[in-house]
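Results of the structural survey
Now for the letters of each chain:
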Amino acid sequence: MTDKSIQYDRIRHMVSESGLSHIAFIMDGNGRWATGRGLPREAGHKSGAENFKKVVRMCGDVGIDTVTVYAFSTENWKRPLAEVNAIMRLLDSFVRDAERENEENKIRFVFLGDKSALAPELSRKCTDLENLTANNRRLLNIALNYGGRAELVQAFDKLIAAGKTSATEEDISGAIYTAHCGDPDLIVRTAGEYRLSNFLLWQSAYSEFFFTDTLWPDYSADDLEAAVKSFAGRRRRYGAVL
Ligand code: FPP
């Protein structure tokens, strides 16, 4: 056995023992990764997008069935146009490749967020990919033009349009973008920041958190192992005394 397969076995064991089935990533630090190397910020996003594919594969290999990533927030439009365009191009080529690669990977893709603000061509490709992969078991949620507050507003609007005058927690869970899946067990944020930045506000009520200084393009199996190990050592009490 190689060192890598021994490590994956170790992580797989912790994943299964701890019941970790849904992990979410706030992929921060692409800009700093690039500027630290004297490169333009766009190079950091390119490297971040490549690593994102690796990390998703790694999560599947260790038995984590659902991965959610924060790819572009409703606030990220405030960035310089060249940087926004570079991220959109990366997303576009990711979605194009995903259709082709899906044959072997068998992942269900779901985009969380308001697609109407995206370029019509990208928005259509995202919907096509969702439809094409709808029956696959493993799930990858990509938050794109996503904001947790905007998500709740659209959920309330949806419920009002359906004639509701009051709502239960189940109604809201059924009207948000993640109605098709459970809440994240673990949310990881890279690059030494300690905030949610409008990510999964409703869904994170009982999530565990893990923060690391590692910049997203450098996120590796060692980092995943540290996060899973920390998660496996936690006692989730959901407000009760256990
Ligand atoms: C945060 O780093 C990262 C983003 C705002 C964008 C994340 C985008 C990608 C990983 C690439 C595209 C994604 C996919 C799914 C193909 P930052 O720019 O805020 O870093 P900094 O805090 O160091 O400036």
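Located above this text is the structure these notes cover.
Here goes a summary of the coordinates provided. Bear in mind the structure is a predicted one, so any value in this text is a computation, not a measurement.

Let's talk about empty space enclosed by the protein
The full count for this structure, using the stated rule, is one cavity of 30 Å³ or more. In terms of lining residues, the largest cavity is bounded by Val-56, Ile-64, Asp-65, Val-67, Ile-107, Arg-138, Leu-139 and Leu-140. Residue contributions to the lining of the largest cavity peak at three residues, all from strand S4 (residues 138-146). Residue classes in the lining of the largest cavity are distributed as six nonpolar, no polar and two charged.

Re the nonpolar core
Formed by 45 residues in total, the largest nonpolar core has its most connected members in Ile-23, Phe-25, Phe-52, Phe-109, Leu-140 and Leu-224. A total of seven residues in this core trace back to one element, the largest contributor, which is helix H4 (residues 81-105). Ignoring anything within four residues of it in the chain, the contact list for Phe-52 reads Met-27, Val-69, Phe-94, Leu-140, Ile-142 and Trp-216.

Brief notes about the sheet that holds strand S6 (residues 208-211)
Spatially, S3-S4-S2-S1-S5-S6 is the arrangement adopted by the six strands of the open sheet, whose pairing is parallel. Looking at the sheet topology across the chains shown, the edges are occupied by strand S3 (107-112) and S6. For this sheet, the mean angle separating the axes of adjacent strands, direction not counted, is 20°. Note that strand S5 (residues 186-189) and S6 share four bridges and pair parallel. When the sheet's bridge partners are listed, Val-188 is paired in S6 with Phe-210.

The rules behind the values
- Residues numbered from 1 in each chain as written.
- Predicted model: local features only at pLDDT ≥ 70, side-chain atom pairs only at ≥ 80, totals over all residues.
- Heavy atoms only, no water.
- 1 Å grid on protein atoms, 1.4 Å probe; cavity = no way out; pocket = protein on both sides within 12 Å on 5 of 7 lines; lining within 4 Å.
- Points joined across faces, edges and corners; volume = space filled by probe spheres on them.
- Helix = DSSP H or I, 4+ residues; strand = E, 2+ residues; numbered from the N terminus.
- Nonpolar A, V, L, I, M, F, W, Y, C, P; charged D, E, K, R; others polar.
- Core = buried A, V, L, I, M, F, W, Y, C linked by side-chain atoms within 4.5 Å.
- Buried < 20%, exposed > 50% of the residue type's maximum accessible area, 1.4 Å probe, protein only.
- Contact = heavy atoms within 4.5 Å.
- Pairing = 2+ DSSP bridges.
- Axes fitted to C-alpha atoms, helices over the stretch in contact; angles between N-to-C directions.

None of this, on its own, says anything about what the molecule does.
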